[in-house]
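Residue-level listing of the chains:
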Amino acid sequence: MIYDLSKEIDRERLATRVKALTAKGAMVEFTEKAVRSNSQNRYLHALLGALAIDTGETLEYVKEMYFKRLANREIFISTKVDKYCGTVEEVRSSADLSVEEMSVAIDRLKRWAAQEGFYLPEPGDEERILDIEREILRMKRYI
């Protein structure tokens, strides 16, 4: 469970959970989760949308195949051996990435895109990002 400690209700829930685990004598792992900013999510969505429009593929296809499998295999793809299926690939969710991992993943996507001849805007290129967002909305049923 993830608790947002800026909210009173989550602080109370966490305190209750800690008391219950303490009473059980449980072993726990405690980590802080860095949440990506809305601007980072918005920027990634714009980049993926631009690639979807330029390649004629869907947004989901671009995200999994180009962003995760081609540009960022080391971050997103792991393999395991399943006793029934043999060796299978598991694809990590981008929601699980830290701010730093997402920054690396975005940089790798931009490098890959440049090598393939696609221009992707920089984060500060607000005008181009807005153009892409408008185009994504216009093309929504196709991508």
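What this report covers is the structure whose coordinates are included nearby.

Calculation criteria
Residues numbered from 1 in each chain as written. Predicted model: local features only at pLDDT ≥ 70, side-chain atom pairs only at ≥ 80, totals over all residues. Heavy atoms only, no water. Axes fitted to C-alpha atoms, helices over the stretch in contact; angles between N-to-C directions. Helix = DSSP H or I, 4+ residues; strand = E, 2+ residues; numbered from the N terminus. Parallel < 35°, antiparallel > 145°, perpendicular 65-115°, else oblique. Contact = heavy atoms within 4.5 Å. Nonpolar A, V, L, I, M, F, W, Y, C, P; charged D, E, K, R; others polar. Buried < 20%, exposed > 50% of the residue type's maximum accessible area, 1.4 Å probe, protein only. Phe/Tyr/Trp six-rings, centres within 6.5 Å; stacked < 30°, edge-to-face > 60°.

For any two helices packed against each other, one specifies the inter-axial angle together with the distance between the axes. Relative to each other, helix 2 (residues 38-55) and helix 3 (residues 59-70) sit at 100°, their axes nearing to 9 Å. On the basis of the axis angle, helix 2 is roughly perpendicular to helix 3. Contacts from Leu44, His45, Leu48, Gly49, Leu51, Ala52 and Thr55 in helix 2 reach Leu59, Val62, Lys63, Tyr66 and Phe67 in helix 3. Residues belonging to the contact of helix 2 with helix 3 are distributed by class as follows: eight nonpolar, three polar and one charged.

For the rest of this paragraph, the subject is the environment of Glu126. By the secondary structure assignment, Glu126 is in helix 6 (residues 126-138). By relative accessible area, which is 34% here, Glu126 ends up partly exposed. In the structure, Glu126 is positioned 118 residues away from Glu8 in sequence and 36 Å away in space, judged by C-alpha atoms.

Attention now goes to the packing of aromatic side chains. All told, the structure shown has three aromatic pairs when counted by the stated rule. Judged by centre distance (5.7 Å) and plane angle (90°), the rings of Tyr61 and Tyr66 are edge-to-face. In textbook terms, an aromatic cluster arises when at least three aromatic residues are bridged by ring pairs, as seen for Tyr61, Tyr66 and Trp112.

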